[in-house]
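The residues making up each chain are set out below.
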There are 2 protein chains.
Amino acid sequence: MVREGRTFRWSGRYDYDLNMVETLETQLNTFADFRPVLPDGYAESKFVFLANGDPDIQLEVLQQVPKARLRVMDTMDYWIQNKPESLVRTIGQVDILLMNEAEARMLAETPSLLAAARRILRLGPKGVIIKKGEYGAVMFTDFDYFAVPAYPLDEVRDPTGAGDSFAGGFLGYLARANRVNLDTMRRAVVMGTVVASFTVEDFSLSRLEKVTPEEIRLRTEELREFTRFVVD
Amino acid sequence: MVREGRTFRWSGRYDYDLNMVETLETQLNTFADFRPVLPDGYAESKFVFLANGDPDIQLEVLQQVPKARLRVMDTMDYWIQNKPESLVRTIGQVDILLMNEAEARMLAETPSLLAAARRILRLGPKGVIIKKGEYGAVMFTDFDYFAVPAYPLDEVRDPTGAGDSFAGGFLGYLARANRVNLDTMRRAVVMGTVVASFTVEDFSLSRLEKVTPEEIRLRTEELREFTRFVVD
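Given the structure is predicted, the values throughout are model-derived calculations rather than measurements.

Caption draft 1: Examining the overall build of chain A more closely. Regarding its fold elements, chain A presents nine helices and nine strands. Burial statistics for chain A: of 232 residues in total, 40% are counted as buried. Of the contacts formed within chain A by residues at least 6 apart in sequence, a portion of 54% connects residues at least 24 apart.

See below:
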């Protein structure tokens with residue numbers, strides 16, 4: 001499949017079970033000379049998400065939001081391979097790094113996700129959230145580990161956008177809660193998981209356009225019920 | 001790697017992250033003409049585990065334990081491919097089918113695990129537990145879905161035996177609790193997960209020989225803590 005955007009042209013291949021993705025080619029399109037200057041009001045932003053992009057540009061954007069309370073960034077294999085030093089520098093300036101499993105292993109150069117997370121935390125961020133597709137998501141901080149399964153779906157029609165909508169749900173929850181602590185972060189990871197579960201049910205934004213707050217609340221409660229167990 | 005046992009000679013290959021395993025060859029050794037006759041006392045067994053093996057022989061064993069309250073069976077790709085009709089017949093006679101993810105997809109012929117579980121439940125068992133290696137385990141019944149992550153480990157030294165020790169923890173918990181309901185089944189899945197987490201930390205039985213009840217209790221409580229979140 002191919003994703004053609006303003007900034008990227010990405011082509012890749014999903015596995016049979018849609019969990020693993022292999023990048024075949026990334027072309028930078030207009031990204032190659034993209035120099036974002038944020039409008040004045042944006043400088044006051046408290047919750048900032050740096051979507052996947054050139055880590056040097058992510059850093060430039062970050063310098064334009066000096067009042068940010070929570071800075072979250074995404075990245076991808078292309079930057080790990082082509083701009084590792086810039087990437088590590090930018091990772092050192094954010095609070096949370098969001099990435100998928102294969103990228104975490106690639107960045108940290110270890111098959112153990114726990115070891116990978118520890119190495120990534122040493123680069124500076126307070127937390128790393130690793131998205132695992134159908135297997136849910138985990139969040140590592142220096143003092144906490146959290147795992148949530150994906151919401152079980154009959155059919156995943158299109159995983160495109162799952163990562164970005166996860167980020168949207170995560171940041172959106174925290175911005176509205178306006179409190180950043182381990183409990184709200186865990187809850188935000190669950191929100192990201194639930195929002196992404198709607199995204200992948202249909203192509204493009206079709207499902208997200210129709211989703212209601214009630215549907216989101218229901219899946220959140222179901223996820224809690226699906227993971228509950230009693231220790232005697 | 002090769003596992004040489006009395007009944008099997010299996011050779012296969014684990015992925016980089018040790019989650020997926022590919023069978024290269026299975027030879028049946030003495031299994032080919034193995035006809036187990038259970039000693040008298042065994043006929044009274046209440047909790048029965050049919051480890052992976054020829055489904056016709058599993059059925060013969062099952063007929064020797066008529067008082068079983070919970071009958072659990074494991075299987076593998078070899079039987080799905082070579083004895084599908086016998087396998088389906090035996091599955092129809094047990095309460096719980098335990099298998100790994102790739103086997104569930106293979107048996108049900110669908111990439112969706114949820115769809116696979118539904119199809120397997122229609123074969124007769126009351127529940128299907130799907131083991132996912134590093135991604136934990138899930139249990140489907142007609143009225144319940146439960147997901148538990150694996151206990152996060154720095155290093156997985158040898159995944160051999162993880163499935164059988166999962167089964168041991170699962171059955172052992174239920175046999176001791178002597179109550180089979182959704183709560184004890186969930187708790188038993190957690191016990192299986194925890195026991196397997198010790199198994200894979202070292203080769204053969206080295207780690208299991210040393211594990212203490214206190215260590216098991218601690219990891220169980222950690223798993224509960226790792227999955228806890230508050231819904232507002």
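Additional details are given in the paragraphs that follow.
Caption draft 2: The sheet that holds strand β9 (residues 145–148) of chain A, seen in detail. Residues and elements named next belong to chain A. Strand order in the open sheet made by the six strands is β4-β5-β6-β7-β8-β9, with mixed pairing throughout. Of all strands in the sheet, those bounded by a partner on one side alone are β4 (47–50) and β9. Averaged over all pairs of adjacent strands, the angle between their axes in this sheet comes to 15 degrees, without regard to strand direction. Pairing of strand β6 (residues 96–100) with strand β7 (residues 127–131), which is carried by five bridges, proceeds in the parallel orientation. What sits directly across from M99, in β7, is I130.

Caption draft 3: Structural view of the relation of the copies chain A and chain B. Of the two same-sequence chains, chain A is brought onto chain B (RMSD 0.0 Å, axial shift 0.0 Å) by a rotation of 180 degrees. Considering both components of the superposition, the chain copies are consistent with a two-fold axis. Distance from the rotation axis, computed per C-alpha, reaches its smallest value in chain A at Y135 of chain A: 3.1 Å. Take the interface residues of chain A: 100% of them recur as interface residues in chain B, which is what a same-surface contact looks like.

Caption draft 4: Up close: the interface of chain A and chain B. Of the residues lining the interface, 28 residues belong to chain A; the matching set on chain B comes to 28 residues. Those elements giving two or more residues to the side of chain A that touches chain B turn out to be α5 (113–121), β9, α7 (182–199) and α9 (213–227) of chain A. If one sorts the elements of the side of chain A that touches chain B by residue count, α9 of chain A sits on top with five residues. A class-by-class count of the residues in the side of chain A that touches chain B yields 16 nonpolar, three polar and nine charged.

Caption draft 5: Highlighting the sheet that holds strand β6 (residues 96–100) of chain B. Residues and elements named next belong to chain B. Read from one edge to the other, the open sheet built from six strands follows the order β4-β5-β6-β7-β8-β9, with strand pairing classed as mixed. With one partner strand each, in any of the chains shown, β4 (47–50) and β9 (145–148) form the two edges of the open sheet. Looking at each pair of strands side by side, their axes are set apart by 15 degrees on average, direction ignored.

Caption draft 6: Seen up close, the nonpolar core. Grouped together as the largest cluster of nonpolar side chains are 116 residues, with contacts concentrated most on V72 and V189 of chain A together with V72 and V189 of chain B. Discounting residues that sit within four places of it in the chain, V189 of chain B has contacts with I129, A137, M139, F146, V148 and F170 of chain B.

Caption draft 7: Seen up close, helix α5 (residues 113–121) of chain B. Residues and elements named next belong to chain B. Those residues of α5 that fall on the buried side of the exposure criterion are L113, A116, A117 and I120. End-on view of α5: buried residues confined to an arc of 100 degrees, all on one side of the axis. Buried residues along α5 sit in contact with β6, α4 (101–108), β7 (127–131) and β8 (137–141).

Caption draft 8: Focus on the pairing of β9 of chain A. Residue and element names in this part refer to chain A. With four bridges joining them, strand β8 (residues 137–141) and β9 adopt antiparallel strand pairing. Across the sheet, residue V138 finds its bridge partner in β9, namely A147. Connecting β8 to the antiparallel partner β9 that follows it, the hairpin turn spans three residues.

Caption draft 9: Representation of the pairing of β6 of chain A in the model. Residues and elements named next belong to chain A. The element β6 is extensively covered by neighbouring structure, given that five of its five residues are classed as buried. Neither face of β6 is left uncovered, since the one carrying I96, L98 and N100 and the one carrying L97 and M99 both have all their residues buried. Bridge count between strand β5 (residues 70–74) and β6: three bridges; the pairing is parallel. Looking at the pairing, M73 lines up with L97 of β6.

Caption draft 10: Representation of helix α6 (residues 162–177) of chain B in the model. Residues and elements named next belong to chain B. The terminal C-alpha atoms of α6 lie 22 Å apart, and with 16 residues this matches the ideal 22 Å at 1.5 Å per residue to within 8%. Taken residue by residue, α6 has A162, G163, S165, F166, A167, G169, F170, L171, Y173 and L174 as its buried positions. In the core, the buried residues of α6 are packed alongside β4, β5 (70–74), β6, β7, α7 (182–199) and α8 (206–210). Immediately beyond the C-terminal end of α6, within one or two residues, lies N178, with a positive phi of roughly 55 degrees.

Caption draft 11: The confidence of the model for chain A, seen in detail. Looking at chain A as a whole, the pLDDT averages 89, with 86% of positions reaching at least 70. At the level of chain-chain contacts, confidence expressed as ipTM amounts to 0.85, with global pTM at 0.88.

Caption draft 12: Structural view of unusual backbone geometry. All names here are of chain B. Look at N178: it is not a glycine, yet its phi comes out positive at around 55 degrees. Along the chain, the position of N178 falls in the loop between α6 and α7. Classification of N178 by C-beta neighbours within 10 Å gives exposed; the count is 10. A positive phi is found at S204, a non-glycine position, where the angle reads about 50 degrees. Here S204 is to be found in the loop between α7 and α8.

Caption draft 13: View of the packing of helix α1 (residues 55–62) of chain B against helix α3 (residues 84–91) of chain B. Residues and elements named next belong to chain B. Contact geometry for α1 and α3: axes closest at 8 Å, N-to-C directions at 25 degrees. In terms of their interaxial angle, α1 and α3 are classed as roughly parallel. Like other packed secondary-structure pairs, α1 and α3 cross with a definite hand, here left-handed. Residues P55, D56, Q58 and L59 of α1 touch α3, and the partners they reach there are S86, L87, R89 and T90. Looking at the contact of α1 with α3 residue by residue, the classes come out as three nonpolar, three polar and two charged.

Reading the values: rules and limits
Residues numbered from 1 in each chain as written. Chains lettered and ligands numbered in written order. Predicted model: local features only at pLDDT ≥ 70, side-chain atom pairs only at ≥ 80, totals over all residues. Helix = DSSP H or I, 4+ residues; strand = E, 2+ residues; numbered from the N terminus. Buried ≥ 20, exposed ≤ 12 C-beta atoms within 10 Å, placed from the backbone. Contact = placed C-beta atoms within 7 Å. Pairing = 2+ DSSP bridges. Axes fitted to C-alpha atoms, helices over the stretch in contact; angles between N-to-C directions. Least-squares fit on C-alpha atoms with pLDDT ≥ 70 in both. Nonpolar A, V, L, I, M, F, W, Y, C, P; charged D, E, K, R; others polar. Core = buried A, V, L, I, M, F, W, Y, C linked by C-beta atoms within 7 Å. Arc of directions from axis to C-beta. Expected span 1.5 Å × (residues − 1). pLDDT = per-residue confidence, 0-100. Parallel < 35°, antiparallel > 145°, perpendicular 65-115°, else oblique. Left-handed = near helix turned anticlockwise from the far one by under 90°.

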